[in-house]
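For reference, the chains in residue letters:
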Amino acid sequence: MKKRVVEVLVLSDIHLGTYGCHAKELLLYLKSIKPKHVILNGDIIDIWQFKKRYWPKSHMKVVKHVMQWITKGVQVTYITGNHDEMLRKFEGFQMGSFKIVNKLLLNLGNESAWIFHGDVFDVTMQHSKWIAKLGAIGYDLLILLNSGVNYMSKKMGKEPVSMSKKIKNSVKSAVKFINDFEKIAADIAIDNKYDYVICGHIHQPEMRRIKNEYGEVMYLNSGDWIENLTALEYNEGAWELYEFASDLKVKGINNMEVEYHEVLETEVLFKNMLEEFQLMKSDK
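Being a predicted model, the structure only gives us computed values, none of them experimental. (Residues numbered from 1 in each chain as written. Predicted model: local features only at pLDDT ≥ 70, side-chain atom pairs only at ≥ 80, totals over all residues. Heavy atoms only, no water.)

Trainee: I tried to follow the environment of Glu-7 on my own but got confused; where do I start?
Mentor: Along the polypeptide, Glu-7 turns up in strand E1 (residues 4-11). A relative accessible area of 28% places Glu-7 in the partly exposed class. Through-space distance from the C-alpha of Glu-7 to that of Tyr-234 is 5.7 Å; in sequence the pair is 227 residues apart. Dropping the residues within four chain positions of it, Glu-7 is found in contact with Lys-36, His-37, Tyr-234, Asn-235 and Glu-236. At 2.7 Å, the side chain of Glu-7 and the backbone nitrogen of Glu-236 are in polar contact. (Helix = DSSP H or I, 4+ residues; strand = E, 2+ residues; numbered from the N terminus. Buried < 20%, exposed > 50% of the residue type's maximum accessible area, 1.4 Å probe, protein only. Contact = heavy atoms within 4.5 Å. Polar contact = N/O pair within 3.5 Å; in protein donor to acceptor, adjacent residues only side chain to side chain.)

Written out as structure tokens, the structure reads:
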């Protein structure tokens, strides 16, 4: 399959190193495109949860693929997030076409895009980081449970479901948090007269114009590779929201191979769960 040229690619919230990460699907997508500038907008590697000792081959293949882009001269900008905040002390580091930053102002012709992860707006992150980390563990357990449910649903010929998305959509406080997050980001961008504001963090893919009394801005969120499997692509003066679920060409590639490795990794997944349960018992 001929690779699509993408002028700017924005990916966020991949969470490599966690059970919920859809690394195999991401790798299929990455192999289908030829980007000129790749922006990794935070939470790419989940350093918070590295203690799980869970690092499948598919996760390493994603890292290697990005490294291959760098060796070929593709510009790769790593914007730090909260789950990979350890990298913030390396802000300004640059090697070849790779650099680490905390935020990015990108010029796109006569337009400007303000790009950052978004955890700066999270009050929990600012004042009670232990609560945020506890929430991350709970979220990951929910994703793990969801994976088991969907594994059984697939065997029974039923469609997969996203338990976390259903909870988000049904809990008013979660919906309000998302709306507040988008409004704050848009208000600051309008004050600074940016044309675009691009975030990650909340795992909610979006493209929409937001207005206030002082002007308007295009708000974009690249989503994630846990639930939504989405990215942002910029070509010929316009942004588009990529959705893996709608990309029939990519989904059809090596489908049998993906299915085979999914079964193997599911066995590894439950083996890890058993080991962790035994460790918990021995700690008591």
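Trainee: What is the right way to look at the nonpolar core in this model?
Mentor: In a soluble, globular protein the nonpolar side chains are often hidden away together inside. If you look at the biggest cluster of nonpolar residues, it comprises 33 residues, and the most contacted ones within it are Leu-9, Leu-11, Tyr-29 and Trp-225. For this core, the secondary-structure elements that each account for two or more residues are E1, helix H1 (23-31), strand E2 (33-41), helix H2 (57-71), strand E3 (75-79) and strand E5 (98-101). The leading source of residues in this core is H1, at 6 residues. Look past the residues within four positions of Leu-9 in its chain and what remains in contact with it is Tyr-29, Leu-30, Ile-33, Pro-35, His-37, Val-38, Ile-39, Trp-69, Ala-231, Leu-232 and Glu-233. In terms of nonpolar packing, the next biggest core, distinct from the first, is built from 17 residues, Val-101, Ile-115, Tyr-196 and Trp-239 among them. (Core = buried A, V, L, I, M, F, W, Y, C linked by side-chain atoms within 4.5 Å.)

Trainee: What is the right way to read the packing of H1 against H2 from this model?
Mentor: Taken N-terminus to C-terminus, the directions of H1 and H2 make an angle of 25°; their axes are 8 Å apart at the nearest point. What the angle tells us is that H1 and H2 run roughly parallel. The two elements H1 and H2 meet at a crossing, and its hand is left-handed. Counted together, Ala-23, Lys-24, Leu-26, Leu-27, Leu-30 and Lys-31 of H1 and Ser-58, His-59, Lys-61, Val-62, His-65 and Trp-69 of H2 form the full contact between these two elements. Looking at the contact of H1 with H2 residue by residue, the classes come out as 6 nonpolar, 3 polar and 3 charged. (Axes fitted to C-alpha atoms, helices over the stretch in contact; angles between N-to-C directions. Parallel < 35°, antiparallel > 145°, perpendicular 65-115°, else oblique. Left-handed = near helix turned anticlockwise from the far one by under 90°. Nonpolar A, V, L, I, M, F, W, Y, C, P; charged D, E, K, R; others polar.)

Trainee: Looking at this structure, how should I read unusual backbone geometry?
Mentor: When glycine is set aside, most residues are seen to have a negative phi, and most peptide bonds are trans. Not every positive phi belongs to a glycine, and His-201 is a case in point at roughly 75°. Of note, Leu-229 is a non-glycine position whose phi angle comes to about 55°, a positive value. Along the chain, the position of Leu-229 falls in the loop between strand E10 (215-221) and strand E11 (230-235). Taking relative accessible area as the criterion, Leu-229 reaches 10% and is therefore assigned buried.

Trainee: Can you walk me through the side chain of Asp-43 in this structure?
Mentor: Inspection of the secondary structure puts Asp-43 in the loop between E2 and H2. No salt bridge forms around the buried Asp-43; measuring N to O, its nearest opposite-charge neighbour Arg-88 is 6.8 Å away. Of note is the side chain of Asp-43, whose polar atom sits 3.2 Å from the backbone nitrogen of Asn-82. Not counting residues up to four positions away in its chain, the partners in contact with Asp-43 are Asp-13, Ile-14, His-15, Gly-81, Asn-82, His-83, Asp-84 and His-117. (Lys, Arg positive; Asp, Glu negative; His and termini not counted. Salt bridge = Lys/Arg side-chain N within 4 Å of Asp/Glu carboxyl O.)

Trainee: Looking at this structure, how should I read the pattern of salt bridges?
Mentor: Note on pairing: side chains with opposite charge can pair once their charged atoms come close. Summed over all chains, the structure comprises 5 salt bridges. Residue Glu-182 is joined to Arg-208 by a salt bridge in which the shortest nitrogen-to-oxygen separation is 2.6 Å. Remark: Arg-208 occurs in strand E9 (residues 206-212) and Glu-182 occurs in helix H6 (residues 172-191); sequence separation between them is 26 residues. With relative accessibility at 2%, the residue Glu-182 sits in the buried group. The class for Arg-208 is partly exposed, based on a relative accessible area of 31%. For Asp-187, the salt bridge goes to Lys-183, with nearest N and O atoms at 2.8 Å. Residue Asp-187 and its partner Lys-183 are both found in helix H6; the two are separated by 4 residues, about one turn of the helix.

The values are spatial; any link to function lies outside them.
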